[in-house]
Amino acid sequence: MPMPIYMDNHATTPVDPRVLDAMLPYFKDQFGNASSRNHAFGWQAEEAVEKARKQVASLIGANSKEIVITSGATESNNLALKGVAEMYAERGNHIITAATEHKCVLDTAKRLEKQGFRITFLPVMQDGLVDLDMLREAITDKTILVSIMYANNEIGVVQPVAEIGKICKERGVLFHSDAAQAAGKVPVNVIADNIDLLSMSAHKMYGPKGIGALYVRRKGPRVQLTAQMDGGGHERGMRSGTLNVPGIVGLGSACEIAQKEMPEESKRSAYLRDKLKDRLLAELDEVFINGTMERRLPNNLNISFAYVEGESLLMGINDVAVSSGSACTSATLEPSYVLKALGAGDDIAHSSIRFGIGRFNTEADVDYVAAKVIQVVKKLRELSPLYEMVKEGIDLSKVQWTAH
Ligand SMILES: *Cc1c(COP(=O)(O)O)cnc(C)c1O
C-alpha cells in the first residue's frame, strides 16, 4: 500500500535531507563527547555544538550563551515553568497561562498547582487570541511568570506576543513562550518581543525528534532556573546530561535553513494553504474556519465540516495524513479542548480537521486533497439526516428532540 500524502506537519515534519547530511558525520567519525577537554574528538564535537548554538540563537535574535539544549519542547516547557517556579517561589506563587496551551504546559501548571502554586488559566476569545485586558487584570504582585504560547499547534493562531511581553516587562513579571510551532515559520525575536524564556523543538522544523532548546535571557533581566536534571552540570548547570551532538547539529542546521528560507517558504506555504481553503469554501457549504485567519501560521488550516464526523471523514480520506479535532483518550473520543476554549460546541469540534502544509508538499498534493475532501464530505452528508433537514430549511435549534 502506498503511503498517504503527508499533510500533518504540526504533529511532526520530515527531516530535511540537508539537515540529515549535516548530522551524519557526528554519528560516525566525529563521535566525540563535547565535554571531553583533552583531545581532538572532544574539541571537534564542542565546536559543532557551539556552531549549532549560534544557528539556534540567530533564528530568534538571541545570544548563543542563552541557549540551553533540551530533548524538545516538552522538556523546555517543563524546565521553564518548574525551574522558574522553584527559583522564584519566595518572590511569589502565582503563574498565568492560557486554556489553549499545549498539554505539556497545562499539565506542568497543574502539577505546580498541586504543589501550592496558584495558576490562572486565561480563557481565550472566539478567535483564539488572549484578551490583553484580562491578562493585565490577572497579574498581581504575587505573579512570577506568564506563559503564553507563540502559535497554537491545532489552530495555528499567533498570539500578540510582543504586546504580552511589553505588559510583562512593565509589571516585572517573567514571560515564557512556547514557540515549538512558531520558530522557523514566522519571525521570532526575543528582544523585540520582550521574551525571557522561549521553547523550541527541532522536529517541528524539519530537524530530528528528541532535540530542542530553551532560550534563557542573560540580561535585562538575568533569568535563573532551578535545574530539573542533576548531574555533570552541562548547559551552565541548567540541564545535565551528555550532549546529543548529532541531534544538536541537526537542530542548528534546521534553524539556519528555516531562517534563510523563511520569507520564500512562508509565502509558498500560505499560497498552498489559501488555495486549499478557497477550494473547500467554494465547493462546500456549512464549513467553519476555527481561529482567526488574521494572525495565523502560514501553513495552518483548521476547518469544521458541519454534519460530518471528523473520524468518518478521516476514514474516507485514508490516503491523506491529517488530524481531527477529537483526541482519543482512553477509549472515548474527547472533543479538542482548544476548539472548546474557542466556544465551539462538541459537534463542531468533532467535525474539525487540521491541515498542516509542509516544506515538501506540492501544489498537486493540495489539488488532490481538496478534491478528495470535497468528494467525501459530500458523500457523508448525503447520509446525514441532520444535513438533509437543514437543506430543507428546518431550523435545527427549534426541533424538539425526544430522548429515549
Ligand atoms: C510539538 C509541540 C510541543 C512538544 O514538543 P516535543 O519536542 O515533541 O516535546 C510543545 N508545544 C507545542 C506547541 C508543540 O507543537
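Rules used throughout
Counting starts from 1 at the beginning of each chain's written sequence and moves along it residue by residue. Since the coordinates come from a predicted model, pLDDT governs what is reported: local features require at least 70, and pairs of side-chain atoms require 80 or more to be given and counted, while whole-chain, interface and lining totals use all residues. Each side-chain value is worked out from all heavy atoms of the structure, with water and hydrogens disregarded. By nonpolar core we mean a set of buried residues, namely Ala, Val, Leu, Ile, Met, Phe, Trp, Tyr and Cys, connected to one another through side-chain atoms within 4.5 Å. Note on classification: 1.4 Å probe, protein chains only; a residue is buried when its accessible area is under 20% of the maximum for its type, exposed when over 50%, partly exposed between these limits. By definition, any uninterrupted DSSP run of H or I lasting at least four residues is a helix, any uninterrupted run of E lasting at least two residues is a strand, and each is numbered from the N terminus. The domain limits used here are those given by an automatic or database domain assignment. Two residues form a contact once any of their heavy atoms are found within 4.5 Å. Here, a strand pair is defined by DSSP locating no fewer than two bridges between the strands. Proximity is defined per residue: any heavy atom of the residue falling within 4 Å of a molecule or strand makes that residue near it. Residues adjacent in sequence count toward polar contacts only when both atoms are side-chain atoms; beyond that, a polar contact is any pair of N or O atoms within 3.5 Å, and within protein one must be able to donate a hydrogen and the other to accept it. In this classification, the charged set is Asp, Glu, Lys and Arg, the nonpolar set is Ala, Val, Leu, Ile, Met, Phe, Trp, Tyr, Cys and Pro, and all remaining amino acids, among them Gly, are polar.

Peer 1: I keep staring at the nonpolar core and nothing clicks. Help me out?
Peer 2: Most often, soluble globular proteins have nonpolar side chains that are buried together. Ranked by size, the top nonpolar core spans 70 residues in total, and within it Ile 60, Ile 67, Val 146, Tyr 150 and Leu 198 carry the most contacts. Residue contributions to this core peak at nine residues, all from helix α7 (residues 245-283). Taken domain by domain, this core gets at least three of its residues from each of domain 1 (5-9 + 262-392) and domain 2 (17-257). Excluding anything up to four places from it in sequence, Val 146 contacts Ile 96, Leu 135, Ile 164, Cys 168, Val 173, Leu 174, Phe 175 and His 176. Core analysis: the second largest hydrophobic core is formed by 25 residues, Met 7, Leu 301, Val 308 and Ile 374 among them.

Peer 1: Honestly, the pairing of strand β15 (residues 352-356) in this entry has me stumped. Any pointers?
Peer 2: Taken residue by residue, a regular strand's side chains alternate between the two faces of the sheet. The element β15 is extensively covered by neighbouring structure, given that five of its five residues are classed as buried. In β15, alternate side chains face the same way, and those of Ser 352, Arg 354 and Gly 356 on one face and Ile 353 and Phe 355 on the other are all buried. Here five bridges tie strand β10 (residues 300-305) to β15, and the two strands are oriented antiparallel to one another. Each bridged residue has a counterpart across the sheet, and for Ser 304 the counterpart in β15 is Ser 352. Pairing of strand β12 (residues 323-324) with β15, which is carried by two bridges, proceeds in the antiparallel orientation. Within β15, the position partnered with Ser 323 by the bridge is Arg 354.

Peer 1: Just checking my understanding: could you explain the site of the ligand for this structure?
Peer 2: Close to the ligand lie 14 residues, the nearest being Thr 74, Asp 178, Gln 181, Ser 201 and Lys 204. Taking Thr 74, its side chain carries an N or O atom lying 2.6 Å from an oxygen atom of the ligand. In the model, an oxygen atom of the ligand is placed 2.7 Å from a nitrogen or oxygen of the Gln 181 side chain. A per-element tally of the shell around the ligand places helix α3 (residues 73-87) first, with three residues. Class assignment for the residues of the shell around the ligand results in four nonpolar, eight polar and two charged.

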